[in-house]
Amino acid sequence: MAKGAYTINSMEEAIGQYEGVDSWKTIILLYNSALKEIGTKLEILNEEFQHVHQYNPIEHIKSRIKTAESIVKKLKSRGHESTIENMVKYVNDIAGVRVICSFSSDIYRIAGMLASQTDIKVLSIKDYIKSPKESGYKSYHMIITVPIFLSDSVVATKVEIQIRTVAMDFWASLEHKINYKFEGEAPEHIKRELFECAEMVSDLDARMMSLNEEIKEYAEPEEQ
Ligand code: 0O2
């Protein structure tokens, strides 16, 4: 195939590109491929940082495909029918990557480096660090597309990237568990306690970051 001979397809167009093939399987193939692409990009950035600055801004990366049950639930809650077209159009986090960083400053560094890559298109950003949710939830969310090269087409595929610190992630995991247990209606005193913990998380993150900055100012001891 000659260079540039690829057809550029949207996810919606991609669904119909194979005759007699299950559309659900087609979108899962695309979302899984997008998770691999983003995972590789993040690993490269982390390794480059280690190589140049001798430290890793990323503690770890988790990725997942949203379950069919959870996708259907989200569509239903927003008043949409459960069709493959609606999944691709209205559910932005079918492919999700969570990036856990050591320090808050790393979050913006990683987000900026990803956003400036020429093949990545940023569709939206929600900065719950600058504007935390009422519950106290803090995290940086980006919806992006990354091109997936297939045999004769290229498909811009959506991925939700959540970037947060270890402490923010610890808080969000417990809050998610509590909300699941109480089906979103946790008792007031638990909500209050969680909010106070969120404030402690912000304080801890700020103090850890300033400690780290201070340590960087100390010169490495001379080799004897
Ligand atoms: P799950 O089970 O984690 O998948 P949009 O994607 O923009 O159309 P949405 O989904 O409201 O709309 O976007 P938002 O606010 O960016 O939230 C996306 C995801 O962030 C959620 O996905 C959660 O994973 C996480 N999140 C958002 N708010 C909270 C919160 O208050 N607490 C916790 N623990 N996590 C939160 P899902 O599909 O809701 O859930």
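In case you missed it, the structure is sitting above this.
On a predicted model such as this, the values are computed, not experimentally measured, just so you know. (Residues numbered from 1 in each chain as written. Predicted model: local features only at pLDDT ≥ 70, side-chain atom pairs only at ≥ 80, totals over all residues. Heavy atoms only, no water.)

Caption draft 1: Geometry of the overall build of the protein. For the protein, the count of helices and strands is seven helices and six strands. The N-to-C order of helical and strand elements in the protein reads β-α-α-β-α-α-β-α-β-β-β-α-α. With the C-alpha coordinates aligned to their principal axes, the bounding extent of the protein is approximately 65 × 55 × 25 Å. By residue count, 39% of the 224 residues in the protein fall in the buried class. If you take every contact in the protein between residues at least 6 apart in sequence, the share linking residues at least 24 apart comes to 66%. Element-wise, carbon and sulfur atoms account for 53% of the exposed surface of the protein, whose accessible area totals about 14,100 Å². In the protein, 27 side chains carry a positive charge and 35 a negative one; their mean positions are 6 Å apart. (Helix = DSSP H or I, 4+ residues; strand = E, 2+ residues; numbered from the N terminus. Buried < 20%, exposed > 50% of the residue type's maximum accessible area, 1.4 Å probe, protein only. Contact = heavy atoms within 4.5 Å. Areas by Shrake-Rupley, 256 points an atom, 1.4 Å probe, with all protein chains shown as cover. Lys, Arg positive; Asp, Glu negative; His and termini not counted. Charge placed at Lys NZ, Arg CZ, Asp CG, Glu CD.)

Caption draft 2: Fine view of the pattern of salt bridges. Evaluated as defined, the whole model comprises eleven salt bridges. Between Asp93 and Arg64 there is a salt bridge, and its shortest N-O distance comes to 3.6 Å. Placement of the pair is Asp93 in the loop between helix H4 (84-90) and strand E3 (95-101) and Arg64 in strand E2 (residues 58-65), with a sequence separation of 29 residues. For Arg64, a relative accessible area of 35% gives the class partly exposed. Among the ionic contacts, a cluster of salt bridges with common partners joins Arg64, Lys66, Lys74 and Asp93. (Salt bridge = Lys/Arg side-chain N within 4 Å of Asp/Glu carboxyl O.)

Caption draft 3: Spotlight on the site of the ligand. As a structural note, the neighbourhood of the ligand is formed by 18 residues, with Lys66, Lys74, Tyr128, His141 and Glu175 the closest of them. At a separation of 3.1 Å, an oxygen atom of the ligand approaches a polar side-chain atom of Arg78. One nitrogen or oxygen atom from the side chain of His141 is found 2.7 Å from an oxygen atom belonging to the ligand. In the complex, 76% of the free accessible area of the ligand, which totals 740 Å², lies under the protein chains. Within the residue set of the shell around the ligand, elements represented by two or more residues are strand E6 (153-165) and helix H6 (166-181). It is H6 that contributes the most residues to the shell around the ligand, three residues altogether. Residue composition of the shell around the ligand, grouped by class: three nonpolar, five polar and ten charged. (Near = heavy atom within 4 Å. Polar contact = N/O pair within 3.5 Å; in protein donor to acceptor, adjacent residues only side chain to side chain. Nonpolar A, V, L, I, M, F, W, Y, C, P; charged D, E, K, R; others polar.)

Caption draft 4: Highlighting the side chain of Asn86. As for its position among the elements, Asn86 is in helix H4. Look past the residues within four positions of Asn86 in its chain and what remains in contact with it is Leu75, His80, Glu81 and Val91.

Caption draft 5: Representation of the nonpolar core in the model. Ranked by size, the top nonpolar core spans 50 residues in total, and within it Ile38, Leu42, Val99, Ile144, Val159, Ile161 and Ile163 carry the most contacts. Excluding residues within four positions of it along the chain, Ile38 makes contact with Val97, Ile120, Ile144, Val146, Val159 and Ile161. (Core = buried A, V, L, I, M, F, W, Y, C linked by side-chain atoms within 4.5 Å.)

Caption draft 6: View of unusual backbone geometry. Even without glycine at this site, Gln54 takes up a positive phi of about 55 degrees. Here Gln54 is to be found in the loop between helix H2 (23-53) and E2. At Glu183, a residue that is not glycine, the phi angle is positive and equals roughly 50 degrees. Counting through the fold element by element, Glu183 comes out in the loop between H6 and helix H7 (188-217).

Caption draft 7: Quick look at H6. The end-to-end C-alpha distance of H6 is 23 Å, a good match for the 22 Å that 16 residues give at a rise of 1.5 Å each. Within H6 the residues assigned to the buried category are Ala167, Met168, Asp169, Trp171, Ala172, Glu175 and Ile178. Tucked into the core, H6 has its buried residues touching E2, E3, helix H5 (104-115), E6 and H7. Backbone geometry just after H6 places Glu183 at a positive phi near 50 degrees. (Expected span 1.5 Å × (residues − 1).)

Caption draft 8: Layout of the environment of Gln17. Looking at the element boundaries, Gln17 is found in the loop between helix H1 (11-15) and H2. When the C-alpha atoms of Gln17 and Ser82 are compared, they prove to be 20 Å apart, with 65 residues separating the residues in sequence. In this structure, Gln17 is in contact with Asn9, Leu150, Ser153 and Val155, ignoring residues within four places of it in sequence.

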